[in-house]
Amino acid sequence: QQQVKQSPQSLIVQKGGISIINCAYENTAFDYFPWYQQFPGKGPALLIAIRPDVSEKKEGRFTISFNKSAKQFSLHIMDSQPGDSATYFCAASPGAGSYQLTFGKGTKLSVIP
Amino acid sequence: DAEITQSPRHKITETGRQVTLACHQTWNHNNMFWYRQDLGHGLRLIHYSYGVQDTNKGEVSDGYSVSRSNTEDLPLTLESAASSQTSVYFCASSESRSGNTIYFGEGSWLTVV
């Protein structure tokens, strides 16, 4: 049973455009939702994260939108750059003394000049 | 600087052999995790530990074992390597606070022939 569903699998965006990646979850116990960025040959690195008590969090060009009632959250990358080309993973953690992350299957983003 | 290191970074082994992947972190984090990454599956949790002598099975634990004898290390052992265990393995660690960042190592590429 996949607890975090991520779409699309791959995404091609023009430089300067907006990249949008969506995730949906099933477990209502999840209370922490990070996004990880992974470059080829490297480990995933935390990009931005949100808690369910806010609907949006912005850090620079990266924004998480969170819809608790729909159990969905998304990553928006504004003014996408070729350097943003990477694989992005959404994830969720249940909290309450449980610290492991359940990941989505990833989205490979390619930003073309 | 504190860090998390994995070794070996690349290994080729034969079916049926025992293999151990090492993971060492210098952050003094209580929580440590092993994930495997496969195309189309994203990152899946193999085992995790919340402290010395504590180990727990994750989503895909069959054929793997871990032990936690100190805070810094969580070695992952493949008891009898199988071709299905060809994958990239990531070790990770975090502090014991809900929502705390999980830091990943650079990965160990394992090929079972």
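Note that the structure is a prediction, hence the values are computed from the model and not measured. (Residues numbered from 1 in each chain as written. Chains lettered and ligands numbered in written order. Predicted model: local features only at pLDDT ≥ 70, side-chain atom pairs only at ≥ 80, totals over all residues. Heavy atoms only, no water.)

**Some words on the overall build of chain A**
The following threshold applies: Counting from the N terminus, the helices are DSSP H or I runs at least four residues long and the strands are E runs at least two residues long. Restricting the calculation to C-alpha atoms gives the radius of gyration, and the globule rule supplies 2.2 Å times the number of residues raised to the power 0.38. Whether two residues are in contact is decided by their heavy atoms, any of which lying within 4.5 Å being enough. In short, Shrake-Rupley with a 1.4 Å probe defines the accessible areas, and a residue's cover is counted only from the protein chains shown.
In terms of regular secondary structure, chain A is built from 0 helices and 11 strands. In sequence order, chain A lays out its α and β elements as β-β-β-β-β-β-β-β-β-β-β. The globule rule puts the C-alpha radius of gyration for 113 residues at 13 Å, and the 13 Å found for chain A is close to it. If you line up chain A on its principal axes, its C-alpha atoms span 45 × 30 × 20 Å. Counting contacts in chain A only where the partners sit at least 6 residues apart, residues at least 24 apart contribute 53% of the total. Approximately 5,300 Å² of chain A is accessible, and the part contributed by carbon and sulfur atoms is 50%.

**Some thoughts on the interface of chain A and chain B**
In plain terms, the rule: What gets called buried area is simply the loss in accessible area from a 1.4 Å probe that two parts show on being joined, summed for both. Just to be clear on terms, a salt bridge is a Lys or Arg side-chain nitrogen sitting within 4 Å of an Asp or Glu carboxyl oxygen. Counting of polar contacts relies on pairs of N or O atoms within 3.5 Å, with two restrictions inside protein: one atom must be capable of donating a hydrogen and the other of accepting it, and residues adjacent in sequence are counted only when both atoms are side-chain atoms.
Every contact between the two is made by 21 residues of chain A and, on the other side, 24 residues of chain B. For the chain A and chain B pair, buried surface summed over both sides reaches about 1,800 Å², with 54% attributable to carbon and sulfur atoms. Looking only at chain A, the three residues that lose the most surface to chain B are Tyr-99, Gln-100 and Phe-103 of chain A, adding up to 33% of its buried area. The salt bridge involving Glu-106 of chain B is made with Lys-42 of chain A; its shortest N-O contact spans 3.2 Å. For the pair chain A and chain B, the number of links is 7 residue pairs in polar contact (both at pLDDT 80 or more).

**Concerning the side chain of Thr-107 of chain A**
Inspection of the secondary structure puts Thr-107 of chain A in strand β11 (residues 107-112). Sequence-distant contacts of Thr-107 of chain A, defined by excluding residues within four places in its chain, comprise Gln-6, Ser-7, Pro-8, Gln-9, Ser-10, Leu-11, Ile-21, Ala-86, Thr-87 and Tyr-88 of chain A.

**So, the pattern of salt bridges**
Residue and element names in this part refer to chain A. To keep things clear, this is the line we draw: Under the scheme applied here, a residue whose accessible area is under 20% of the maximum for its type counts as buried, over 50% as exposed, and between as partly exposed, the area being computed with a 1.4 Å probe on protein chains only.
All chains considered together, the criterion is met by 7 salt bridges over all chains. Between Arg-51 and Asp-31 there is a salt bridge, with its nearest N and O atoms 3.4 Å apart. With Arg-51 in the loop between β5 (45-50) and β6 (56-59) and Asp-31 in the loop between β3 (19-25) and β4 (33-38), this residue pair connects regions lying 20 residues apart in the sequence. Looking at Asp-31, the relative accessible area reads 22%, which means it is partly exposed.

**Focus: the state of the cysteines**
Quick note on the threshold: When two cysteine sulfur atoms are found within 2.5 Å, that pair is recorded as a disulfide.
Applying the stated criterion across every chain yields a total of 2 disulfides over all chains. With a sulfur-sulfur separation of 1.8 Å, Cys-23 of chain A is cross-linked through a disulfide to Cys-90 of chain A. The S-S bond linking Cys-23 of chain A to Cys-90 of chain A shows a torsion near -95°; that makes this disulfide left-handed. With Cys-23 of chain A in strand β3 and Cys-90 of chain A in strand β9 (residues 86-92), this residue pair connects regions lying 67 residues apart in the sequence. Judged by relative accessible area, which is 2%, Cys-23 of chain A ranks as buried. Paired by a disulfide, Cys-23 of chain B and Cys-91 of chain B hold their sulfur atoms 1.8 Å apart. Between Cys-23 of chain B and Cys-91 of chain B, the disulfide has an S-S torsion of -75° and is therefore left-handed. One end of the pair, Cys-23 of chain B, is in strand β3 (residues 19-25); the other, Cys-91 of chain B, is in strand β9 (residues 87-94), and 68 residues separate them in sequence. We classify Cys-23 of chain B as buried; its relative accessible area is 2%. Note on Cys-91 of chain B: relative accessible area 0%, which makes it buried.

That is the geometry; function is a separate question.
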